[in-house]
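# Commentary on secondary and tertiary structure
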Amino acid sequence: MNSAARLTASRRRWGLALCAAVALACAVLALLVGSVELDLGAVMAGVGPDDTIFWKLRLPRVALAAMVGAGLAASGAALQPALRNPLASPDIIGVSGGAALAAVLALAWMPAWASTAGVPLFAFVGAGAAAAFVYRASLVNGRLDPYTQILVGVVFNTFCASLILLVNALADASRTRSIVFWMMGGVSVQPWPALALAGSLFAVGIVMLMGQARSLNLSGLGDDTAASLGFDAGRCRATVFAASALVVGASVALTGVITFVGLVVPHLLRRLLGSDNRLLLPASVLGGAAFLVASDTIARWVLAPVELPVGAITAMTGGPFFLYLLRRHGRARAEDGP
Amino acid sequence: MSHASDRSRAPLTLAGVNYAYPSGGDGGGRVYELSLQVERGGMLAVVGPNGSGKTTLLRLAAGLLLPDSGQVSCCGSRTSVASRAELARKVALVGQQPALGFPYSVIEVVLMGRAPYLEGLSLESEEDLAAAHDAMRATGTDHLGQRVFDSLSSGERQRVSVARALAQQPELLLLDEPGAFLDIREQTRLYDLLEELNTSRGTAVVSVLHDLNLAALYFPTVALLNKGRLHAVGAPSEVLSYATVREVFRTDVYVAINDLTGQLNVLPIKGGAGNNE
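Conventions we followed
Residues numbered from 1 in each chain as written. Chains lettered and ligands numbered in written order. Predicted model: local features only at pLDDT ≥ 70, side-chain atom pairs only at ≥ 80, totals over all residues. Buried ≥ 20, exposed ≤ 12 C-beta atoms within 10 Å, placed from the backbone. Helix = DSSP H or I, 4+ residues; strand = E, 2+ residues; numbered from the N terminus. Pairing = 2+ DSSP bridges. Contact = placed C-beta atoms within 7 Å. Axes fitted to C-alpha atoms, helices over the stretch in contact; angles between N-to-C directions. Parallel < 35°, antiparallel > 145°, perpendicular 65-115°, else oblique. Left-handed = near helix turned anticlockwise from the far one by under 90°. Nonpolar A, V, L, I, M, F, W, Y, C, P; charged D, E, K, R; others polar. pLDDT = per-residue confidence, 0-100. Expected span 1.5 Å × (residues − 1). Core = buried A, V, L, I, M, F, W, Y, C linked by C-beta atoms within 7 Å.

## Structural notes on the pairing of strand E3 (residues 43-47) of chain B
All names here are of chain B. Burial analysis of E3 places five of its five residues in the buried class, the great majority of the element. Relative to strand E8 (residues 204-208), E3 is paired through four bridges, and the arrangement is parallel. Each bridged residue has a counterpart across the sheet, and for Leu44 the counterpart in E8 is Val206. Pairing analysis gives four bridges linking E3 to strand E9 (residues 221-226), with the strands arranged parallel. The partner of Leu44 across the bridge, within E9, is Thr221.

Right under this line is the structure:
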């Protein structure tokens, strides 16, 4: 029997190498592309405006896109098996809605807080409150119930979205633009200390998710069978939920609500590399980073100097591609049938 | 394990076990004072009406539930003391496996049975792979290795689930209604397979089932539960008598030895339940 149908050491090595190469290529391209043609010699020498553009504008932006993309994709890759639902994405836990609502409230009515530091802080606090609420509301017999969690998360997000529309209608018209931009999601240039702080949050979240890889593989078997194999599926769901809340909170705080990364990237990689989470999770970290860096580069390059919201780019590229994958997968499954 | 006597090494021992679900309002699934032993190489069918505690017994045996009082021991390990990982190397559980929802191949599913033997993000070794292939050969699923699990028929899925359980290399195999939703041919294949594994490998088999005819056909010992208590345990012909089945299931039945096969038949009778209100 050949090894094509299971995860082998060589497939894991080559899969990760491929993802890393794509991520690196996207990052290099993103650093070079922009409204100003960079003189790499000047950057290396550390002189002139090119040096400033590289270190103060391009690199922090690419770093933020990479971190957010990595976190969202890893979270989606883990939530899908944890909640036993292929439609699960980081948005499904309801945390993004709570974070966005808190940020929009600050933008609309708290001029003292509507600063680059204040809004992310509000968003992160909103994420925490939303996570606590959704988690409590999703407990059945003291365990996080997957179906209840999805319903509570979706309803909570819709509720937050309608409140945001209400705030938008009542707020001063001059605020509308920044509120809409927040809802669409966008990668901006953040100061290095903020990136370092967010980076450590993403790192903690991603490590928590990786630790659940084996447990996530078994979660499709059902809680009882997973338990008979020595794994606590309820605890796994709770850990994935907490890690996702951390990742989503940090990313909404810095970039607003960016959809599709956490849904599309894991599914694409599952088609290419298989469902085994011991490869899928690290591959999603790299693939998510590549996808969001590429999307952000397109967003600032296509109509330069006008910038498009990156959320629109991820949705426009991810949506049709996802449909294509679904159709192709449907055919493959039909052919595989008895 | 120190000084494990033969008795305590038995695949499954329940001694005076009581259990009630914390939120079990109507008391469904409760069990009282269950005492039962399955010997090495034993094969036991657990039967009884809905809500009589069959699945509770199985979950207690697997260590998924811990008794409120009394003791459950599997192969020398008390479930209330042993770690989940330790139990997972001795006891395997097969339920009705639903679709996984994600495209795992059959070999990947069988290798999931090796999870209790792995660490962290490490991959399966040659030894794990050998155990999986051995389990697939034993269950007649080795030709399915490359297929997507969710695309299999329900009969194939159940046999792959048994292979996954065998890959755990258990001393005790627990099954919850493994033949539900299977047609008569697939049911026969499945129970033939369990009997074969029991004979050739000495794996003890405990299965919950509703079909009294299959219980009588394949299992030398039958435990009959009624309202959470062990009503009777013994050979099918003793336990599944007309009077006992009528009393416990509260329905009229026809019980006889089939002249052609020599097997015990328990057949329903039209309107039989009405006569026993």
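From this point on, the discussion continues.
## Examining the interface of chain B and chain A
Contacts between chain B and chain A engage 34 residues on the former and 33 residues on the latter. When contributions to the side of chain B that touches chain A are tallied by element, the ones reaching two or more residues are helix H2 (84-88), strand E6 (91-94) and helix H3 (106-112) of chain B. In terms of residue count, the dominant contributor to the side of chain B that touches chain A is H3(B) (four residues).

## Some thoughts on the sheet that holds strand E10 (residues 229-234) of chain B
Residues and elements named next belong to chain B. One open sheet holds the six strands; their spatial order is E6-E7-E8-E3-E9-E10, and the pairing between them is mixed. For this open sheet the edge positions go to E6 and E10, each flanked by a neighbour on one side alone. Strand-to-strand twist of the sheet, defined as the mean angle between neighbouring strand axes without regard to direction, takes the value 15°. Against the sheet, helix H5 (residues 154-167) contacts E6 and strand E7 (172-176), and its axis sits at roughly 165° relative to E6.

## Topic: the packing of helix H3 (residues 48-82) of chain A against helix H8 (residues 192-210) of chain A
Residues and elements named next belong to chain A. Contact geometry for H3 and H8: axes closest at 10 Å, N-to-C directions at 20°. Overall, the two elements H3 and H8 adopt an arrangement that is roughly parallel. Judged by the sense of rotation from one axis to the other, the crossing of H3 with H8 is left-handed. On H8, the residues touching Pro60, Ala63, Leu64, Met67, Ala70, Gly71, Ala74, Ser75 and Ala78 of H3 are Trp192, Leu195, Ala198, Gly199, Phe202, Gly205, Ile206 and Leu209. Looking at the contact of H3 with H8 residue by residue, the classes come out as 13 nonpolar, four polar and no charged.

## Quick notes on the confidence of the model for chain A
Caution applies to low-pLDDT regions: their predicted coordinates should not be interpreted in detail. Residue and element names in this part refer to chain A. Confidence along chain A averages 88 in pLDDT terms, with 94% of residues attaining 70 or more. For chain A, helix H14 (residues 310-336) is the element with the lowest average pLDDT, namely 71, and helix H13 (residues 277-301) is the one with the highest, namely 95. Low pLDDT, under 50, characterises residues 333-338; the predicted model gives this stretch seven contacts beyond four residues in sequence or across chains.

## Observations concerning helix H4 (residues 95-109) of chain A
Over its 15 residues, H4(A) extends 22 Å from the first C-alpha to the last, a length consistent with the 21 Å expected when each residue adds 1.5 Å. Along H4(A), 13 of the 15 residues are buried, which leaves the element largely enclosed by surrounding structure.

## Side note on the nonpolar core
Note that soluble globular proteins tend to have their nonpolar side chains buried in a common cluster. Of all hydrophobic cores here, the largest spans 188 residues; its most connected members are Ala99(A), Ala103(A), Val293(A), Val110(B) and Leu174(B). Per element, the largest residue contribution to this core is 15 residues, and it comes from H3(A). Setting aside its immediate chain neighbours within four residues, Ala99(A) contacts Ala123(A), Phe124(A), Gly126(A), Ala127(A), Ala130(A), Gly249(A), Val252(A) and Ala253(A).

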